[in-house]
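# Structural characterization, general
One-letter residues, chain by chain:
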Amino acid sequence: MDPGAGAFSEEQFREACAELQRPALSGAAWELLVETQGISVYRLLDQTGLYAYKVFGVLEDCLPDLLADVYMDLAYRKQWDQYVKELYEKECSGETVVYWQVKYPFPMSNRDYVYVRQRQELDFEGQKVHVILAQSTSEPQFPEKSGVIRVKHYKQRLAIQSDGKRGSKVFMYYFDNPGGQIPSWVINWAAKNGVPNFLKDMVKACQNYKKT
């Protein structure tokens, strides 16, 4: 299995905390893509011709502990995320591996992900910060499915802390290579609308969440 959850270093967790405090947008060609609903989305064109994204903002009326719990709860996500086709965890070689299949609009093929993730709570500059890291992995117990395109390069970082009121200040980094031929309008829609709408839906999910 390569790489596993052990691949996450303490430095990676602290880097996510640092960017939540001080967004690192200088020194590279990060461009502001959209500002909406208190969320700012930036993107950077990398050497492969794909975009990486950074998201900053405040989610009101959703406390950090609750937001992190909702984000980690895969069974609950299947109830509120309309784009989930399949989503579950499985123990593989002593690690917890996530399988996630995402619905794509017709006539495009669905995409699926196999990844590991890890959550930590850190004390960073006097602030309690929740950090969740995730990245794709290779695991033979999750063979590729006919008609579904496997996303083999996926990385995400999420950092959450209190906004000083009853909301959460958030930072998210996201990159994947969805493969296949995806129209530019789909990519632009996902970045400009999909990410803010996902966060808005997650806030609604927080309000209805009952931890089991």
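Since the model is a prediction, treat every value here as computed from it, not as a measurement.

## Re unusual backbone geometry
Looking along the chain, the bond that leaves Phe106 and enters Pro107 is cis, with omega of 10 degrees. With respect to the element layout, Pro107 can be found in the loop between β5 (95-102) and β6 (110-124). In this structure, Gln37 is a non-glycine residue whose phi angle is positive, near 55 degrees. Within the fold, Gln37 resides in the loop between β1 (31-36) and β2 (39-45). The backbone phi angle of Glu125 is positive, close to 50 degrees, even though this residue is not glycine. Relative to the helices and strands, Glu125 resides in the loop between β6 and β7 (127-136). Using a relative accessible area of 52% as the deciding quantity, one classes Glu125 as exposed.

## Thoughts on the pairing of β6
Buried residues dominate β6, accounting for 11 of its 15 residues. As judged from the 6 bridges shared by β5 and β6, these two strands associate in the antiparallel manner. Each bridged residue has a counterpart across the sheet, and for Tyr99 the counterpart in β6 is Val114. Judged from the 4 bridges that link them, β6 and strand β8 (residues 148-151) form a sheet pairing that is parallel. Each residue of the ladder has a partner; that of Asn110, found in β8, is Val148. Bridging between β6 and β7 involves 10 bridges; their strand directions are antiparallel. Bridge pairing in β7 links Glu121 to His130. Hairpin connection between β6 and β7: a loop of 2 residues separates the two successive antiparallel strands, and Glu125 in this loop has a positive phi of roughly 50 degrees.

Scoring rules and cut-offs
- The residue numbering used here restarts from 1 in each chain and proceeds along that chain's sequence as written.
- Only residues with pLDDT of at least 70 are given local features in this predicted model, and only at 80 or more are side-chain atom pairs given and counted; all residues enter the totals for whole chains, interfaces and linings.
- Side-chain measures were taken over the full set of non-hydrogen atoms in the model, leaving aside hydrogen atoms and water.
- A helix here means a DSSP run of H or I that spans at least four residues, while a strand means a run of E at least two residues long, and both kinds are numbered starting from the N terminus.
- Buried, partly exposed and exposed residues are distinguished by accessible area as a fraction of the type maximum, computed with a 1.4 Å probe on protein chains only: under 20%, between the cut-offs, and over 50%, respectively.
- Pairing between strands is defined by DSSP: at least two bridges between the two strands are required.

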